[in-house]
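Listed below are the residues making up each chain.
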Amino acid sequence: MLAAAIAVGLGALGAGIGNGLIVNGTVNGIARQPELRGTLQTTMFIGVALVEALPIIAVVIAFMSMGQ
């Protein structure tokens, strides 16, 4: 049970750091080239969606390991 909690916590921590880096890069890019705002935001949302899959997968694996 403790291992499952650690796995979910680390997955959420990694996703939080990743999202912060993605948004930071997007804001810097928009500040440098405001005309690319739409393209950068679209790319950011795709990246955030992919990063958010990590904690979901961690929760699924944690539940699977608790069942055994």
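Refer to the structure printed above.
To keep things clear, this report deals only with the structure shown in the data block. All values derive from a computational prediction rather than experimental measurement.

1. Brief notes about the overall build of the protein chain
Alright, step 1. A count of helical and extended segments in the protein chain gives two helices and zero strands.
Alright, step 2. Taking 11 Å as the expected radius of gyration for a compact globule of 68 residues, we find that the protein chain reaches 16 Å, considerably beyond that expectation.
Alright, step 3. When its C-alpha atoms are laid out on the principal axes, the protein chain stretches across 55 × 15 × 5 Å.
Alright, step 4. Every one of the 68 residues in the protein chain was classed for burial, and the buried ones make up 18%.
Alright, step 5. If you take every contact in the protein chain between residues at least 6 apart in sequence, the share linking residues at least 24 apart comes to 71%.
Alright, step 6. Just so you have it, the protein chain exposes about 4,900 Å², and 74% of that area is on carbon and sulfur atoms.

2. Remarks on the packing of helix H1 (residues 2–32) against helix H2 (residues 37–66)
Alright, step 1. At a minimum axis separation of 9 Å, H1 and H2 run at an interaxial angle of 175°. Comparing their axes, H2 and H1 come out roughly antiparallel.
Alright, step 2. The residue inventory of the contact of H1 with H2, partitioned by class, reads 18 nonpolar, seven polar and two charged.

3. Concerning H1
Alright, step 1. In a regular helix each residue adds 1.5 Å, so 31 residues correspond to 45 Å; H1 covers 45 Å between its end C-alpha atoms and thus fits that length.
Alright, step 2. Listed in full, the buried residues belonging to H1 are Ala4, Gly11, Ala15, Gly18, Asn19, Thr26 and Gly29.
Alright, step 3. Buried-residue contacts for H1 involve H2.

4. Considerations on H2
Alright, step 1. Along its 30 residues, H2 runs 44 Å from first to last C-alpha, staying within 8% of the 44 Å computed at 1.5 Å per residue.
Alright, step 2. Contacts made by the buried residues of H2 are with H1.

5. With respect to the environment of alanine 58
Alright, step 1. Mapped onto the elements of the fold, alanine 58 is located in helix H2.
Alright, step 2. Here alanine 58 falls in the buried class, since its relative accessible area comes to 13%.
Alright, step 3. Taking the C-alpha atoms as reference points, alanine 58 and isoleucine 6, separated by 52 residues in sequence, lie 9.8 Å from one another.
Alright, step 4. Ignoring any residue separated from it by four or fewer positions in sequence, one finds alanine 58 in contact with Ala7, Val8 and Gly11.

6. Considerations on the environment of glycine 20
Alright, step 1. In this structure, glycine 20 sits in helix H1.
Alright, step 2. For glycine 20, a relative accessible area of 40% corresponds to the partly exposed category.
Alright, step 3. For the pair glycine 20 and arginine 32, spaced twelve residues apart in the sequence, the C-alpha separation amounts to 18 Å.

So, how was this worked out
Residues numbered from 1 in each chain as written. Predicted model: local features only at pLDDT ≥ 70, side-chain atom pairs only at ≥ 80, totals over all residues. Heavy atoms only, no water. Helix = DSSP H or I, 4+ residues; strand = E, 2+ residues; numbered from the N terminus. Rg over C-alpha atoms; globule rule 2.2 N^0.38 Å. Buried < 20%, exposed > 50% of the residue type's maximum accessible area, 1.4 Å probe, protein only. Contact = heavy atoms within 4.5 Å. Areas by Shrake-Rupley, 256 points an atom, 1.4 Å probe, with all protein chains shown as cover. Axes fitted to C-alpha atoms, helices over the stretch in contact; angles between N-to-C directions. Parallel < 35°, antiparallel > 145°, perpendicular 65-115°, else oblique. Nonpolar A, V, L, I, M, F, W, Y, C, P; charged D, E, K, R; others polar. Expected span 1.5 Å × (residues − 1).

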